[in-house]
Structure formats: structure tokens, C-alpha cells
Amino acid sequence: MAKEKGYKKPDLPISTVKGLDVGTAFIYSAQKAGSEVAFREERNAFFDIEHSDFTEEMFKKSNVKYALKGNRLYIVGEEAIKFANLFGKNTRRPLRDGVISPGEEDALLIIELLIKSIVAAPRSKKERVYYSVPGPPIDANFDIIYHQNIIGRFLEKLGYSAKPINEGLAVIFSELAKDNFTGIGISLGGGMVNICFAVMATPVFSFSVARAGDWIDEQVARVTNETVSKITAIKEANLNLDLAKTTLSDKIYDAFYIYHNHLIEYILEQIKNEFGKHPTPKLDKPLPIAVAGGTAKPKGFLQMFKEGLQKTKLPFEIGEVKLASHPLLSVVKGALIAGIAERGQSARPPT
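Each chain carries its own residue numbering, running from 1 in the direction its sequence is written. Confidence filtering applies because this is a predicted model: local features only for residues at pLDDT of at least 70, side-chain atom pairs given and counted only at 80 or more, and all residues used for totals across whole chains, interfaces and linings. In computing side-chain properties, one takes all heavy atoms of the structure into account and sets aside hydrogens as well as water.

### Considering the packing of helix α7 (residues 228–238) against helix α9 (residues 251–277)
Logical step 1: Remark: α7 packs on α9, axes separated minimally by 12 Å, with the N-to-C direction vectors making an angle of 80°. Taken together, α7 and α9 sit at an angle that is classed as roughly perpendicular. Across from I231, I234, K235 and N238 in α7, the residues of α9 making contact are I252, Y253 and F256.
Logical step 2: Each residue receives one of three labels: charged for Asp, Glu, Lys and Arg, nonpolar for Ala, Val, Leu, Ile, Met, Phe, Trp, Tyr, Cys and Pro, and polar for the others, Gly being one of them. For the contact of α7 with α9, the per-class residue count stands at five nonpolar, one polar and one charged. Structural elements are reduced to axes, namely lines fitted to C-alpha atoms, with helices fitted over the stretch in contact, and the angle between N-to-C directions of any two is expressed from 0 to 180 degrees. Only DSSP runs of H or I reaching four residues or more are called helices, and only runs of E reaching two or more are called strands; each is numbered from the N terminus. Angles are sorted into four bins: roughly parallel if under 35 degrees, roughly antiparallel if over 145, roughly perpendicular if 65 to 115, and oblique for all others. A contact between two residues is defined here by any heavy atoms of the two lying within 4.5 Å.

### Description of the confidence of the model for the protein
Logical step 1: Here the protein averages 87 in pLDDT, while 91% of its residues score no lower than 70.
Logical step 2: Contacts for the low-pLDDT stretch residues 1–13, under 50 throughout, to residues beyond four places or in other chains number 34 contacts. Here pLDDT means the predictor's own confidence in every residue, given as a number from 0 to 100.

### Some remarks on the pairing of strand β4 (residues 36–43)
Logical step 1: Taken across its eight residues, β4 has six buried, putting it largely inside the fold.
Logical step 2: Strands qualify as paired when DSSP identifies two bridges or more between them. Taken together, the eight bridges between strand β3 (residues 26–33) and β4 define a ladder with antiparallel strand orientation. The residue bridging Q31 from the neighbouring strand is A38, located in β4.
Logical step 3: The turn joining β3 and β4, which pair antiparallel and follow one another in sequence, is formed by two residues; a positive phi near 65° is taken by G34. Each residue's exposure class comes from its accessible area (1.4 Å probe, protein chains only) as a fraction of the maximum for that residue type: buried when under 20%, exposed when over 50%, partly exposed otherwise.

### A look at helix α4 (residues 145–158)
Logical step 1: Helices are assigned an expected span. That span is 1.5 Å times one less than the residue count. End to end, α4 covers 20 Å across 14 residues, agreeing with the expected 20 Å (1.5 Å per residue, within 8%).
Logical step 2: Buried residues of α4: H147, I150, I151, G152, F154 and L155, and no others.

Structure (C-alpha cells):
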């Protein structure tokens with residue numbers, strides 16, 4: 001389990017509020033410790049092998065996270081990747097398209113295990129957890145009600161008081177404090193892209209689209225005749241969209257550029273459409289936009305996004321367009337800030 005800067009120290013007072021980001025590819029938690037924030041991370045994946053007493057004993061000695069069901073051992077997190085590579089197979093994911101996968105029979109077992117691992121037991125009765133949920137999808141035939149309630153029930157089973165927060169709104173809490181939490185927050189994850197427009201932390205509208213990082217990987221793999229795992233590995237290791245823009249002789253980089261550009265155009269068109277559907281408050285200054293998430297992380301993405309904005313006629317004046325300082329942690333940080341604000345403390349981002 002990764003420890004980011006500011007990981008909690010024993011001599012610091014720990015707050016009774018936590019943030020949780022349940023993403024398709026990773027799960028993150030955040031908790032304020034003194035003047036710092038403790039972040040935890042776990043890969044949202046698992047791999048199962050046949051059970052044996054000897055193997056289970058080895059897992060215990062090596063602190064491998066696992067669950068036992070029937071005659072199968074379910075390995076979760078980063079260790080699942082290692083075992084999958086060892087056996088030359090792919091890991092399985094409990095989430096697909098940003099929500100609990102209906103086609104994965106062991107999804108609930110794994111999600112509960114990962115949540116229990118990353119947030120641990122509450123330190124006080126009814127400790128608060130704000131957890132991220134996607135907005136209603138506008139281009140897919142599913143809703144978020146089941147997903148939202150299952151995550152909430154798992155947290156309450158652990159002893160927490162759980163409250164959902166839209167992913168896009170969490171980005172606004174994390175990145176737009178100096179703008180009085182007014183603007184557009186966009187979370188570009190693995191399974192979905194979540195968009196929220198809020199005025200002074202109050203959502204005007206929010207929605208999601210079912211094209212995101214996984215969709216890009218699948219399209220690039222299809223047109224280059226490569227495996228999705230190889231494409232994902234290239235993206236996570238060193239994808240540079242500035243280089244992809246000019247390296248037309250590399251078919252993989254060329255495909256990455258094309259599909260990132262297509263996704264940006266698609267997102268902006270949906271934002272334009274949503275503004276046309278909803279009464280919009282009169283704004284006295286240009287509207288800032290904050291983007292976050294793993295799909296926004298590659299070098300050159302922000303510039304591509306700004307170029308897309310110049311080509312799209314949006315019904316408002318655009319202010320600062322920024323990439324979150326820590327794109328992968330923006331949602332969980334925003335969830336934590338929302339929880340702190342609810343407890344009557346400052347909603348300004350903790351350091």
C-alpha cells in the first residue's frame with residue numbers, strides 16, 4: 001500500500017473525517033493528520049488461484065491481502081498484478097465503467113475487502129466518510145443507485161457514517177477554493193468521465209459519460225492489434241501526448257493522440273449540450289475549469305484540452321483552465337475537504 005507525502009505520524013491529532021475515492025482502476029483514501037493529509041492507495045483488481053493450506057500460510061506470513069471463498073484464494077491490490085503476470089493471465093476488476101461490474105460475480109466480495117483494507121476501522125462512533133460516486137450517465141443504460149448504496153452499506157458495516165459526493169463536485173472542492181468553489185470540475189478516470197458545474201459549492205448540474213481511460217486503451221489496442229494490457233502499460237509508464245502529436249510514424253502514439261483528442265471533443269460537446277438544458281445562474285466573471293484523474297495526467301493533455309476549448313463554442317466565458325496539482329488524488333482530497341467543511345471547519349484545502 002502506497003504512502004504519499006504527509007502520511008500520518010503517531011504524534012499528530014487524527015481527524016474524525018475521511019475521504020474515499022472508489023475508482024475503476026484504483027481506490028484512494030485521505031485523512032487529515034494535524035496540518036497534513038495522509039493518503040492511501042490500492043489497485044482495484046484481483047486474481048484468484050486454487051486454495052491450499054500451504055499457500056494460505058505463505059500469504060499470511062508475507063502480508064498478502066486475500067480472501068477465501070470456497071476452494072479459491074482471491075488476491076487483491078498490487079499483489080494481484082504480480083500473480084497474474086506469474087501465471088501469464090489478466091487480473092479481474094470488480095468495477096467496470098465506474099460502477100460495480102454486473103458481470104463479475106465476485107465483485108462485492110473484493111470491493112468490501114479493499115474498502116476494509118484502505119479505510120480501516122473507525123476511531124470513534126459514527127466517524128464520517130465522504131465517498132465518491134459518479135454522476136448519472138448520459139450515454140449508457142445503467143444508473144448509479146445500486147453502486148452508491150452498496151458502497152455506503154459496506155462503510156456503515158465497518159461503523160462509519162457514510163455520505164456520497166459526486167466526483168466532479170469533489171474536484172471543485174479540491175481545486176477551486178480560490179474561486180469560491182464556483183466552476184466546472186472534470187474527473188477523467190478509467191471507467192467514466194464525471195462533470196459537475198457548481199456555484200459556491202452548490203451543484204447546478206452533474207453528469208457522466210461512459211468513455212474514459214479504459215475506452216481509450218481498448219480503441220488503441222483494437223486499431224494497433226496489440227493487447228489492452230500492453231497499451232495500458234505504455235500509457236501508465238511514459239505517455240507523452242506532446243510527442244504523440246508529432247510522432248506520426250509510431251502507430252501506437254498516433255492512436256493515443258487521436259483517441260484522446262476524440263474524447264476531449266466528445267466531453268466538451270456534452271458540456272455544451274447540458275448547459276443548453278439547464279437554467280444557468282448569471283455569472284459575473286469567467287468560469288474556471290479544473291481537470292483531474294489519471295486520464296488527464298499524461299504530459300500534453302492540458303494543452304490538448306485547451307485547444308479543444310478554443311474550437312468549441314461554449315455558452316459562457318472561460319476563465320482559468322487548470323490541471324489538478326495531483327491529478328490522481330484530487331477526488332479523494334475533495335471528498336475529505338467536503339467532510340471537513342460539514343464538520344464546521346475551514347473548507348480551504350489542507351496542505
